[in-house]
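Now for the letters of each chain:
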Amino acid sequence: MQFLKEEECCAEQQLLPPVSPNGLFFNSSAVSLVILAVFETEEPISLPSSRVVHLLDTRLLPVHPRFSSIIVTGEDGVKRWEKVEVNVKDHIKTPVFPEGKSPEFYDRCFQDYFHKISGEKFPEGRPLWEFHLVKYPTLNAAGNVIFKIHHAIGDGYSLMAAMISCFTRSDDHSLPLTFPKNRIRRSSAAHGRAAFLSRGLTSAINTASDMWFSFSKTKFSEDDLSPIRSGDPAVGSRPVSVVTMTFPLDDVKEIKGRLGVTVNDVMTGTIFLGTRLYMQEMDPGSQAAETTAMVLMNTRMLQSYNSIQEMAEPKTTLAWGNHFAFLHITVPKLIGMSDGDELRSRRRALEFVRTTSATIQKKRFSLAISLTAKLLDLYRKLKGHEATASYLYKALKSTSMAVTNMVGPLEQMALADQPVKGMYFVVAGTLHDVFVTIVSYMGQLRVSVVAEKGFIDHDKLKSCIQMAFHHIYESSCH
């Protein structure tokens with residue numbers, strides 16, 4: 001597993017705060033990642049530009065100094081954040097499409113525009129964010145708002161904190177948006193010296209195993225080539241497609257309760273099973289392929305957790321930035337799901353969830369998390385951030401896919417007076433042929449798949465993930 005832990009942000013001082021190790025990695029020659037969050041509006045977007053400018057100027061910029069800063073290299077060679085004057089109008093983009101066309105036409109225009117901006121670099125000399133207003137009806141929404149930020153500014157939780165500074169509750173603007181409470185699942189503690197020694201020994205074995213697997217996967221062994229891993233070194237710069245799907249959170253929670261796992265376990269298991277079903281359909285011989293996923297786990301939830309509301313407070317120093325671990329999770333092999341034995345197929349579907357849950361729980365509390373962080377920090381000090389970025393680049397490239405998730409508001413939100421009916425986010429510049437994101441909003445889970453065009457059949461992959469969820473739900477709840 002690879003771990004990234006960002007230092008707490010510095011308050012505004014005479015000395016400019018240095019860019020964190022994560023910021024350097026995400027803005028290096030090896031990789032440059034961008035987060036794009038899409039907010040689908042219920043009604044046509046009618047906000048005047050002056051109101052949008054005022055909204056961003058008074059609500060977004062005060063959230064954190066990075067929204068009004070650029071990265072510069074000081075005389076000492078250290079890259080730092082430098083405050084600049086921000087002309088908010090320069091960051092607001094409103095594309096113009098032909099008038100009087102159908103939602104199907106505008107849906108294609110939106111997809112083309114989305115792919116275009118996801119691959120564009122930010123202009124030099126400006127803070128690393130943009131706000132796009134797409135005022136045309138698509139198949140899913142009356143309009144779309146795209147918030148684009150560079151990953152050097154922060155992760156998905158930081159993005160959500162920035163967003164709730166601009167959005168309000170649709171039903172009552174005076175009330176704050178609320179989010180699901182974090183509940184860390186912990187195993188029951190056994191008592192006694194023997195139990196203590198047993199847990200210590202198990203932890204040591206798991207830590208050594210995790211660190212060796214991570215190191216060997218990066219240095220010596222890559223995943224097999226398969227229908228979801230091309231091995232092309234140009235991955236990350238090629239055109240991609242984005243498909244989304246929605247799952248009722250109540251159904252996911254029902255599975256969670258029946259199996260005694262977490263919501264994240266259910267959805268990760270669903271994605272793994274759907275991926276294996278896709279691989280089998282595209283190439284039956286690939287069901288035995290070694291396939292590893294990089295599951296990005298937010299480390300704010302390991303010991304303490306700062307709420308998104310706290311993170312959104314102006315000039316906060318709470319948990320801002322990039323705080324997550326890359327967990328190497330082996331995708332279970334698909335055996336016995338298509339041999340005509342319905343009972344065996346149902347059991348196998350549930351094994352994907354249970355196996356995924358057990359693996360994540362073992363890794364998330366492993367000492368390898370903190371040890372890997374210290375080793376990477378030492379490596380950065382000895383070799384520099386570019387060498388460290390290159391190492392992490394190899395760690396990402398050696399795996400087949402990535403999965404990450406984020407929590408969204410429980411209530412419907414609105415941008416000024418524009419109610420938001422749905423939301424999703426993607427990560428651009430990824431080093432995988434398949435990158436899956438999950439976000440909760442208003443009792444729904446929205447899954448987005450970023451897939452390389454011409455290599456991944458995104459519609460078939462979407463269908464396989466939906467089929468996997470159906471298998472898991474039917475097997476556990478009926």
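Residues numbered from 1 in each chain as written. Predicted model: local features only at pLDDT ≥ 70, side-chain atom pairs only at ≥ 80, totals over all residues. Heavy atoms only, no water.

In the nomenclature of an unreviewed UniProt entry, the protein chain is known as Diacylglycerol O-acyltransferase of Linum tenue.

### A word on the overall build of the protein chain
Along its length, the protein chain carries twelve helices and 16 strands. Expressed as a percentage of the 478 residues in the protein chain, the buried residues total 54%. Intrachain contacts of the protein chain at a sequence separation of at least 6 include 78% that bridge at least 24 residues. Looking at the protein chain as shown, the accessible area adds up to about 21200 Å², and 53% of this sits on carbon and sulfur atoms. (Helix = DSSP H or I, 4+ residues; strand = E, 2+ residues; numbered from the N terminus. Buried < 20%, exposed > 50% of the residue type's maximum accessible area, 1.4 Å probe, protein only. Contact = heavy atoms within 4.5 Å. Areas by Shrake-Rupley, 256 points an atom, 1.4 Å probe, with all protein chains shown as cover.)

### Describing the nonpolar core
If you look at the biggest cluster of nonpolar residues, it comprises 82 residues, and the most contacted ones within it are Phe39, Leu56, Phe67, Trp129, Phe131, Phe147 and Phe167. Leave out the neighbours within four places in its chain, and Phe131 touches Val52, Leu56, His91, Ile92, Lys93, Val145, Ile146, Phe147 and Leu415. Counting residues in hydrophobic clusters, the runner-up holds 48 residues, among them Val243, Leu273, Ala289 and Val449. (Core = buried A, V, L, I, M, F, W, Y, C linked by side-chain atoms within 4.5 Å.)

### Observations concerning the sheet that holds strand β7 (residues 143-150)
Pairing between sheet strands relies on hydrogen bonds along the backbone, with the strands arranged either parallel or antiparallel. If you trace the seven strands from one edge of the open sheet to the other, you get β5-β6-β7-β2-β14-β13-β8, paired in mixed fashion. Each edge of the open sheet carries a strand with a single partner, namely β5 (92-93) and β8 (167-169). The pairing of β5 with strand β6 (residues 129-134) spans two bridges and is classified as parallel. Directly across from Ile92, in β6, lies its bridge partner Phe131. Strands in contact with helix α2 (residues 49-60) are β5, β6, β7, β8 and β13 (413-415); relative to β6, the strand with the most contacts, it is inclined by about 145°. Along the sheet face, helix α4 (residues 156-166) touches β2 (34-41), β7, β8, β13 and β14 (418-428) and points at about 70° away from the line of β8. (Pairing = 2+ DSSP bridges. Axes fitted to C-alpha atoms, helices over the stretch in contact; angles between N-to-C directions.)

### Details of the environment of Leu259
Looking at the element boundaries, Leu259 is found in helix α6 (residues 249-259). Judged by its relative accessible area of 14%, Leu259 falls in the buried class. Leu259 sits 91 residues away from Leu350 along the chain, and the two C-alpha atoms are 8.4 Å apart. Among all residues touching Leu259, those that are not within four sequence positions of it are Leu350, Val353, Arg354 and Ser476.

### Re the pattern of salt bridges
Scanning all chains against the criterion turns up ten salt bridges. Note that Glu40 is salt-bridged to Arg446, the shortest N-O span being 2.9 Å. Here Glu40, found in strand β2, pairs with Arg446, found in strand β16 (residues 444-452); they are 406 residues apart in sequence, far enough to count as distant. Classification of Arg446 as buried rests on a relative accessible area of 10%. (Salt bridge = Lys/Arg side-chain N within 4 Å of Asp/Glu carboxyl O.)

### Re the packing of aromatic side chains
Per the counting criterion, the structure on display carries ten aromatic pairs. Seen from their ring centres, Phe131 and Phe147 are 6.0 Å apart, and the 65° between their planes marks the pair as edge-to-face. With Phe131 in strand β6 and Phe147 in strand β7, the pair connects residues that are 16 residues apart, well separated along the chain. Taken as a pair, Phe131 and Phe147 share a single burial class, namely buried. Taken together, the aromatic side chains of Phe97, Phe105, Tyr106, Tyr113 and Tyr136 make up a single cluster linked through ring pairs. We note Lys101 situated over the ring of Phe105; from NZ or CZ to the ring centre the distance is 5.6 Å. Over the ring of Phe122 we find Lys148; its NZ or CZ atom is 4.7 Å from the centre of that ring. (Phe/Tyr/Trp six-rings, centres within 6.5 Å; stacked < 30°, edge-to-face > 60°. Lys NZ or Arg CZ within 6 Å of the ring centre and 35° of its normal.)

### Regarding the packing of α2 against α4
Packed helices, taken two at a time, are described by the angle their axes make and the gap between the axes. For the pair α2 and α4, the least separation of the axes is 9 Å and the interaxial angle reads 125°. Viewed along their axes, α2 and α4 adopt a mutual orientation that is oblique. When the axes of α2 and α4 are compared, the crossing they make is right-handed. Contacts from Leu55, Leu56, Arg59 and Leu60 in α2 reach Ala162, Ser165 and Cys166 in α4. Residue classes in the contact of α2 with α4 are distributed as five nonpolar, one polar and one charged. (Parallel < 35°, antiparallel > 145°, perpendicular 65-115°, else oblique. Left-handed = near helix turned anticlockwise from the far one by under 90°. Nonpolar A, V, L, I, M, F, W, Y, C, P; charged D, E, K, R; others polar.)

### A word on the packing of α6 against helix α7 (residues 263-282)
Two numbers describe how α6 lies on α7: the axes approach to 9 Å, and their chain directions differ by 100°. Taken together, α6 and α7 sit at an angle that is classed as roughly perpendicular. Listed contacts from α7 to Leu249, Val252, Lys253, Ile255 and Lys256 of α6 are Val263, Val266 and Met267. Each residue belonging to the contact of α6 with α7 can be placed in one class, and the counts come to six nonpolar, no polar and two charged.

### Notes on the confidence of the model for the protein chain
Predicted confidence across the protein chain gives a mean pLDDT of 82, with 79% of residues reaching 70 or more. Scored below 50 in pLDDT, residues 1-15 shows 54 contacts in the model against residues more than four places distant or in partner chains. (pLDDT = per-residue confidence, 0-100.)

### Points about helix α11 (residues 385-397)
Residues that lie three or four places apart on an α-helix share one face, since the helix turns once every 3.6 residues. In this model α11 runs 18 Å from its N-terminal to its C-terminal C-alpha over 13 residues, within 8% of the 18 Å that 1.5 Å per residue would give. Among the residues of α11, those classed as buried are Thr388, Ala389, Tyr391, Leu392, Ala395, Leu396 and Lys397. (Expected span 1.5 Å × (residues − 1).)

### A short note on the pairing of strand β15 (residues 434-441)
Along any regular strand, the residues point their side chains to alternate faces of the sheet. Judged by how many residues are buried, β15 sits mostly within the fold: eight of eight residues are covered. What you see with β15 is no split at all: Val434, Val436, Ile438 and Ser440 on one side and Phe435, Thr437, Val439 and Tyr441 on the other are buried throughout. Relative to β15, strand β12 (residues 401-406) runs parallel, the two being bridged by six bridges. Within β15, the residue paired with Val403 across the bridge is Val436.

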